[in-house]
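Single-letter residue listing:
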Amino acid sequence: MQFPESWLREFCHPPLSTQQLADALTMAGLEVEETKTAAPPFSKVVIGEIKACEQHPNADRLRVCQVDVGAGLSAEQGASVNPLLNIVCGAPNARVGIRIPVALVGAELPPGEDGKPFQIKLGKLRGVESQGMLCSAKELKISEAAEGLYELASDAPIGTSIRDYLKLDDTLFTLKLTPNLGHNLSVYGIAREVSAITGAPLLTPEIKPIAATLQDKLAVKISAPDLCGRFSGRIVRSVNTKAKTPQWMVDRLAACGQRSVTALVDISNYVMFEYGRPSHIFDLDKIHGSLDVRWAKQGETLKLLNGNTVTLDEKVGIIADDQAVESLAGIMGGDSTAVSDDTQNIYIEAAFWWPEAVAGRSRRFNFSTDAGHRFERGVDPMLTVAHIEHITLLVQEICGGQAAVLDDQQPNMPQPREVKLRVSRACKVIGMPVTAQQCLDVFAKLGLPGALAGDVITVKPPVYRFDITIEEDLIEEVVRIIGFNSLPETAPIAPVEPKARSERSKGRFALRRSLASLGYLETINFSFVEQRWERDLAGNADPIKLLNPIASQLSVMRSTLLGSLLAILKHNQDRKASRVRMFELGRVFARDATVKTAIEETNQQVQGIAQPMRIAALAWGGAVQRQWSSKDTAADFYDAKGDVEALLAPAKPEFKAFEHPAMHPGRCAQVLLNGQAIGVVGELHPRWKQAYEIAGASPVMFELDVSAVMARELPSSSAISKFPAVERDLAVVVKEGVSHTALMQAIHAAKTNGLLQDAMLFDVFRAKEASAAMALDEKSLAIRLTLQGEEATLTDEQIESAVAAVLASLQSAVGARLRA
């Protein structure tokens, strides 16, 4: 919110400098983000009047103007004979009689695009001497308007410095207000806070009722009291909508960052900035019949003042007449009833819209308004009539007109509610002793009437304080008015006991380093994701939904990390990346009825919601960086499987064929460690590759439970045998469906009396045609056994016995037979 300091001091004028005032506001919770003067520095620019204007003799687009800047200043410029300055100007609106800013010779204007100040010198333009420069608002950096010379009021005093006349040395405050401070979204609201902070008196101007000369009323029906708690309106006839907005109002609106539009629009905006009351002015003659304040019907449409046409539903509040929707309640008016130069009769509306009925509605249509910004935070419902009186007065002063009687309906006004504050509780939360009288004094300054009973103060906040609902809100008011700088600086005294991690557990940093060493880059993503990711990639039909998502598509909590990785892959592919390897270590969220209570140490568990840590990675593109010594081969299932083995080393995981919603049904495996499933690895399902528009080869990915990955066995020492090892090769025939895991389990299950040290599969053979030795549904596996004794060199009998035991185990477990 932006406003000029001079306007604020008209309501409350504390004995503080500009910087002290800014500091006081910031320390009271109203952060002053920026202070700056209304215009950058410039000098020797005064008010002048064009007395004569003739065509330049040597240029079609230039005029030679005779400008009166006052006798004294003319003499200083060397115009002793002629009291008028001769200035050449090319502005299209240069004409006799207008008063404009004149930069005298020697003036220094604000820097241009080159960043250097612009010096005005005596010179000639096309052979005609020019004794200064006539200025636009853009050249003085007052505004961005560059339509021509900056025309001032006809009574602007000639010779006066433009900085003094326009108050360009006034300081503009820009405040960054939190959402709970809706009552401060006006100059008067800020002044009310300044009065409470500094003790300076607050000047509240008296708003007197307008004497009505007409008895007209527009029939208004409030069909939705849960939308509109109060609706006030008045007819004003015979207004001049072509009237010019007074310069003082234009300047104040500009200081608030609002450009002037028309007189009626400017009046409405002015009162909004002054008192925080958004209002709307309808063209009365364009309203068909009566008005109805209600919720919209599904499929109704409205063309707004900004030119957009929106489709409405039952969750959007509207004002409608007998034929169509005319306005979005509390947000923006409609185009069909907008005032124009032809408007003669108007209807002024000021209402109280319930904040929850307005909140989020404009964002649904991808725009925001000052009115919606205020109404969704809460606007004072008690002053609709007073503010209509104020608007009516300004309309009559600027546009004329006859005012009718004022209509006011109050179907559902907010009721004051009591909030209790325990003084002892306030002391504990604030961290320093405060007395009950200090609290009562604070509440009195803020206009919060309170009554003390024992240790409890009962406060009944005014209805415009929508931010005060619980005890902590009152405690916040106490501490910010007393002053945060009054809090004692107490060093923490709690003992700090560092916790040593068990040697049986890896740290998360070690996991990150392990994957980084394998060529993966870490990503960090939101924990809330698109609902379709959960449905497609996790098979989760009942994800945990967010009550208030930051974006409509990010509406559920993730139960898998794979969706985020695919989104990043797509993002990189769209930017022509040729190889992507990334991982994420984060928390996922899933429903689990076995989770009953919170974990005391971390306080991270919520009843019924499991929140385990997962680590997931994705690889797409070349298996290795492109180089001259090898061909480009895409990363496949075995690359991802090898990375899983490297991450879990020295533990040896098992891989079992598996089906996962996100992965290819024939290229997916469940990862098991010590017989427990800890994750999955595989290639993206072709269906999702097409649906998510993934180009090139299918990415491979894995997702593992972090607790299982972090666990590790402590190393133990063992003696190295000093006797030679023996290797024996076997070729066995098994059915096609026998897996490597089943084969190794059968080999290591053989009773070899500890002689078998290692087994390795080094060849696979499949016959092209069936024969007596091997059928088409069989395969030949070549296995190398490593045998070694601990006490002596192995004899032939021991070796043959161990090999026979392995063959017997293979035959019984997987139906293997020696290849003939």
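That block above? That's the structure.
Draft legend 1. Layout of the overall build of the protein chain. Within the protein chain, the secondary structure is distributed over 22 helices and 40 strands. Taking 2.2 N^0.38 as the reference for a compact globule, 820 residues should give roughly 28 Å; the C-alpha atoms of the protein chain span a radius of gyration of 40 Å, well beyond that estimate. If you line up the protein chain on its principal axes, its C-alpha atoms span 130 × 85 × 65 Å. Here the protein chain holds 820 residues, and 48% of them are scored as buried. Long-range contacts, defined here as pairs at least 24 residues apart, represent 71% of the contacts in the protein chain between residues at least 6 apart.

Draft legend 2. Spotlight on the environment of Ala538. Among the structural elements, Ala538 can be located in the loop between α16 (531-537) and β28 (556-557). The class of Ala538 is partly exposed, set by a relative accessible area of 25%. Residues within four places of Ala538 in sequence aside, it is in contact with Trp533, Ser559, Thr560 and Pro661.

Draft legend 3. Structural detail: the packing of aromatic side chains. Summed over the entire model, instances satisfying the criterion amount to 13 aromatic pairs. With a centroid separation of 5.7 Å and an interplanar angle of 15 degrees, the aromatic rings of Phe3 and Phe173 are classed as stacked. Linking Phe3 in strand β1 (residues 2-4) with Phe173 in strand β11 (residues 171-176), this pair joins segments that are 170 residues apart in sequence. Per residue, the accessibility class of Phe3 equals that of Phe173, and both read buried. Centre to centre, the rings of Trp688 and Tyr692 are 6.5 Å apart; their planes meet at 75 degrees, and the pair counts as edge-to-face. Of the two residues, Trp688 and Tyr692, neither departs from the other in class, the shared state being buried. These aromatic residues form a ring-pair network of at least three members: Trp7, Trp248 and Tyr270. A cation over an aromatic ring shows up here: Arg163 above the ring of Phe42, its NZ or CZ 4.6 Å from the ring centre.

Draft legend 4. Region of interest: the packing of helix α7 (residues 263-275) against helix α11 (residues 384-399). Relative to each other, α7 and α11 sit at 140 degrees, their axes nearing to 10 Å. The way α7 lies across α11 gives a crossing that is right-handed. Contacts from Ala263, Leu264, Ile267, Tyr270, Val271, Glu274 and Tyr275 of α7 reach α11 at His387, His390, Ile391, Leu394, Val395, Ile398 and Cys399. Looking at side-chain class alone, the contact of α7 with α11 contains 11 nonpolar, 2 polar and 1 charged residues.

Draft legend 5. Local environment of the pattern of salt bridges. Overall, the coordinates contain 38 salt bridges when judged by the stated rule. With its nearest N and O atoms 3.0 Å apart, the salt bridge here joins Arg294 to Glu300. Of the charged contacts, one joins Arg532 and Glu530 as a salt bridge, the two residues approaching to 3.3 Å between their closest N and O atoms. In this structure Glu530 comes out as partly exposed when scored by relative accessible area, which is 23%. Here the salt bridges share partners, and the residues they tie into one network are Glu193, Arg465, Asp467, Glu477 and Arg480.

Draft legend 6. Highlighting unusual backbone geometry. Following Ala649, the chain continues into Pro650 via a peptide bond in cis, with omega recorded as 10 degrees. When you line up the elements, Pro650 lands in the loop between α18 (637-648) and β33 (654-657). A positive phi angle, close to 55 degrees, is found at Lys44, a residue other than glycine. Tracing the backbone shows Lys44 in strand β3 (residues 43-55). Phi at Arg126 is positive, roughly 55 degrees, even though this residue is not glycine. Examined against the element boundaries, Arg126 turns out to sit in the loop between β8 (123-125) and β9 (128-130).

Draft legend 7. Examining the pairing of strand β18 (residues 317-320) more closely. In β18, alternate side chains face the same way, and those of Gly317 and Ile319 on one face and Ile318 and Ala320 on the other are all buried. As paired elements, strand β15 (residues 291-295) and β18 share 4 bridges and run antiparallel to each other. Its bridge partner lying in β18, Arg294 is registered against Ile318. With 3 bridges connecting them, β18 and strand β19 (residues 325-328) associate as antiparallel partners. When the sheet's bridge partners are listed, Ala320 is paired in β19 with Val325. Hairpin connection of β18 to β19: 4 residues between the antiparallel strands.

Draft legend 8. Seen up close, the sheet that holds strand β40 (residues 817-818). Taken together, 4 strands build an open sheet; the order of strands is β38-β39-β37-β40 and the sheet is antiparallel. Every other strand in the sheet has two partners, leaving β38 (756-765) and β40 as the edge strands with one partner each. When β38 meets strand β39 (residues 778-787), the two strands line up antiparallel, connected through 8 bridges. Residue pairing for β39: Leu756 is matched across the bridge by Leu787. Across the sheet, helix α21 (residues 740-748) touches β38 and β39, and the angle it forms with β38 is around 145 degrees. Here helix α22 (residues 796-814) sits on the sheet and contacts β37 (726-735), β39 and β40; the angle it forms with β37, its principal contact strand, is near 20 degrees.

Draft legend 9. Quick peek at the environment of Tyr347. Along the chain, the position of Tyr347 falls in strand β21 (residues 346-353). Taking the C-alpha atoms as reference points, Tyr347 and Ala403, separated by 56 residues in sequence, lie 9.9 Å from one another. With residues up to four places along the chain from it excluded, the contact list for Tyr347 reads Leu218, Val220, Phe231, Gly233, Arg234, Ile235, His280, Ile281, Phe282, Leu284 and Leu291.

Draft legend 10. Quick peek at α18. Look at α18: 17 Å from first C-alpha to last across 12 residues, which is about the 16 Å you get at 1.5 Å a residue. Three or more residues of α18 are buried, namely Phe637, Ala640, Asp643, Val644, Leu647 and Leu648. All buried residues of α18 fall inside an arc of 130 degrees around its axis, so they share one side. Near the N-terminus of α18, the side chain that reaches the backbone nitrogen of Tyr638, with its oxygen 3.1 Å away, is that of Asp636.

Draft legend 11. Highlighting the sheet that holds strand β24 (residues 450-453). The strand order across the open sheet formed by 3 strands is β23-β25-β24, and the pairing between neighbours is antiparallel. One side of each edge strand has no neighbouring strand; the edge strands of this open sheet are β23 (419-422) and β24. Between one strand axis and the next, the sheet turns by 25 degrees as a mean value, whatever way the strands run. Helix α12 (residues 423-430) rests against β23 and β25 (456-459) of the sheet, and its axis sits at about 70 degrees to β23. Its contacts with the sheet place helix α13 (residues 436-445) against β23, β24 and β25, and it is angled at close to 10 degrees to β25.

Draft legend 12. Structural detail: the pairing of strand β13 (residues 228-237). Of all 10 residues making up β13, 9 are buried, and the element is well covered by its neighbours. Direction of pairing for β13 relative to β21: antiparallel, over a ladder of 8 bridges. Bridging from a neighbouring strand, Ser232 pairs with Ala350 of β21. Of the pairings in the sheet, the one linking β13 to strand β22 (residues 402-409) comprises 6 bridges and is antiparallel in character. Bridging across to β22, Ser232 finds its partner in Asp408.

Analysis parameters
- Residues numbered from 1 in each chain as written.
- Predicted model: local features only at pLDDT ≥ 70, side-chain atom pairs only at ≥ 80, totals over all residues.
- Heavy atoms only, no water.
- Helix = DSSP H or I, 4+ residues; strand = E, 2+ residues; numbered from the N terminus.
- Rg over C-alpha atoms; globule rule 2.2 N^0.38 Å.
- Buried < 20%, exposed > 50% of the residue type's maximum accessible area, 1.4 Å probe, protein only.
- Contact = heavy atoms within 4.5 Å.
- Phe/Tyr/Trp six-rings, centres within 6.5 Å; stacked < 30°, edge-to-face > 60°.
- Lys NZ or Arg CZ within 6 Å of the ring centre and 35° of its normal.
- Axes fitted to C-alpha atoms, helices over the stretch in contact; angles between N-to-C directions.
- Left-handed = near helix turned anticlockwise from the far one by under 90°.
- Nonpolar A, V, L, I, M, F, W, Y, C, P; charged D, E, K, R; others polar.
- Salt bridge = Lys/Arg side-chain N within 4 Å of Asp/Glu carboxyl O.
- Pairing = 2+ DSSP bridges.
- Expected span 1.5 Å × (residues − 1).
- Arc of directions from axis to C-beta.
- Polar contact = N/O pair within 3.5 Å; in protein donor to acceptor, adjacent residues only side chain to side chain.

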